[in-house]
Amino acid sequence: MSYKLIDYDFTTEADLARLILDYKGIEYESVRLSKANASEAEANAPFGKLPILEEDGEVTVGGPVLPSYLAMKHDFAGLDFKQKGKCATIIVGLREMFVKFRQEDMMKLTQEEKVVIWKKLLEEDVPVYLDHFEKLLKKNEANGVFVGDQVTYCDFGVAITFHAISRRMPTLLDNHPLLKAHMEKIMAIPTVSEHAKKREQNK
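What this report covers is the structure whose coordinates are included nearby.

Procedures and definitions
- Residues numbered from 1 in each chain as written.
- Predicted model: local features only at pLDDT ≥ 70, side-chain atom pairs only at ≥ 80, totals over all residues.
- Heavy atoms only, no water.
- Helix = DSSP H or I, 4+ residues; strand = E, 2+ residues; numbered from the N terminus.
- Rg over C-alpha atoms; globule rule 2.2 N^0.38 Å.
- Pairing = 2+ DSSP bridges.
- Axes fitted to C-alpha atoms, helices over the stretch in contact; angles between N-to-C directions.
- Contact = heavy atoms within 4.5 Å.
- Salt bridge = Lys/Arg side-chain N within 4 Å of Asp/Glu carboxyl O.
- Expected span 1.5 Å × (residues − 1).
- Buried < 20%, exposed > 50% of the residue type's maximum accessible area, 1.4 Å probe, protein only.
- Polar contact = N/O pair within 3.5 Å; in protein donor to acceptor, adjacent residues only side chain to side chain.
- Disulfide = S-S within 2.5 Å.
- Core = buried A, V, L, I, M, F, W, Y, C linked by side-chain atoms within 4.5 Å.

1. Things to note about the overall build of the protein chain
Step number 1: A tally of helices and strands in the protein chain yields 9 helices and 4 strands.
Step number 2: When its helices and strands are written in sequence order, the protein chain yields β-α-β-α-β-β-α-α-α-α-α-α-α.
Step number 3: Taken over the C-alpha trace, the protein chain has a radius of gyration of 17 Å; the compact-globule value for 203 residues is 17 Å, and the two agree within 12%.
Step number 4: Its C-alpha atoms give the protein chain principal-axis dimensions of about 45 × 45 × 30 Å.

Okay, structure coming up:
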């Protein structure tokens, strides 16, 4: 089985998909395209947008479902259907938190307009979701992860998201101790920390 991830050159769901594959030691080809040069790849996508995954040359998955698909396929999404459902719900929560800040739409705005939206996101939307994620961790506090007693892809997704935001806003998690401890725990995993370094270098 050969994997080929075709993605834009800005952050999308494929970022977590690449991390999942790296963590699992699975080889894949990664193609990153600017929006201006993505028309041919978009034409092959199920709904005209990237990212997409090709398996042995066939496009099988695209868009937000990509990380969940790979995690479930490679035993990184929980031990049973209930856990898989909880993981997928957490990933959806991350996506909803950024619904006003979709990268593809932001590219059409000026830098000043982007700053206004980003500021509003941090001040109004993110704090609400921080409370939700903290509450979910509290329910499973004894295990220090979101679902079950093992690290899953939703732990990766939450940790790399808030780590990235924390670089802009260091006090982000000061009032959410469980989330902060969780982020530090996950970011200490070598594959995750290396992924974060590469992402910063590629910005």
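From this point, the narrative continues.
2. So, the sheet that holds strand β3 (residues 52-55)
Step number 1: Across the sheet, which stays open at both edges, the 4 strands sit in the order β2-β1-β3-β4 with mixed pairing between neighbours. Each end of this open sheet is capped by a strand with a single partner; those strands are β2 (29-33) and β4 (58-62). On average, each strand axis in the sheet is inclined to that of its neighbour by 25°, with strand direction left out of account.
Step number 2: Alignment of strand β1 (residues 3-8) against β3, held across 4 bridges, turns out to be antiparallel. Each bridged residue has a counterpart across the sheet, and for Y3 the counterpart in β3 is E55.
Step number 3: Along the sheet, helix α1 (residues 14-23) makes contact with β1 and β2, crossing β1 at roughly 150°.
Step number 4: Lying on the sheet, helix α3 (residues 66-73) is in contact with β1, β3 and β4; it crosses β3 at an angle near 35°.

3. Digging into the pattern of salt bridges
Step number 1: Going through the model one piece at a time under the given rule, you end up with 9 salt bridges.
Step number 2: A salt bridge links K119 to E123, with the shortest nitrogen-to-oxygen separation between them at 2.7 Å. One end of the pair is K119 and the other is E123, both in helix α6 (residues 111-139) and 4 residues apart, which spans about a single turn.
Step number 3: The structure contains a network of salt bridges with shared partners spanning D7, R18 and R32.

4. Considering helix α7 (residues 153-168)
Step number 1: Taking 1.5 Å per residue, 16 residues should reach 22 Å; α7 reaches 24 Å between its end C-alpha atoms and fits that length.
Step number 2: In terms of residue burial, α7 counts as a mostly covered element, since 13 of its 16 residues are buried.

5. Points about the environment of D174
Step number 1: Within the secondary structure layout, D174 lies in the loop between α7 and α8 (177-187).
Step number 2: A residue is classified by how much of its surface remains accessible, and D174, at 43% relative accessible area, is partly exposed.
Step number 3: Within the structure, D174 has its side chain in polar contact with the side chain of K180 (distance 3.5 Å).

6. Concerning the state of the cysteines
Step number 1: The full count for this structure, using the stated rule, is 0 disulfides.
Step number 2: Left unpaired, C87 is separated from the closest cysteine sulfur, that of C154, by 3.6 Å.
Step number 3: Residue classification places C87 among the buried residues on the basis of a relative accessible area of 0%.

7. Looking at the nonpolar core
Soluble, globular proteins show a tendency: their nonpolar side chains are buried together.
Step number 1: Within the largest apolar cluster, 47 residues are counted, with the highest numbers of intra-cluster contacts made by F146, Y153, F162 and L179.
Step number 2: Among the secondary structure elements, those contributing two or more residues to this core are β1, α1, α3, α4 (81-97), α6, α7, α8 and α9 (190-201).
Step number 3: When residues of this core are assigned to their parent elements, the largest contribution, 8 residues, is made by α7.
Step number 4: Leaving out residues up to four positions away in the same chain, Y153 has contacts with L16, I20, P67, S68, A71, F76, A77, C87, A88 and I91.
Step number 5: Counting residues in each nonpolar core, the second largest holds 8 residues, with Y8, F10, A38 and A41 among its members.

Shape is all these values report; function is a separate question.
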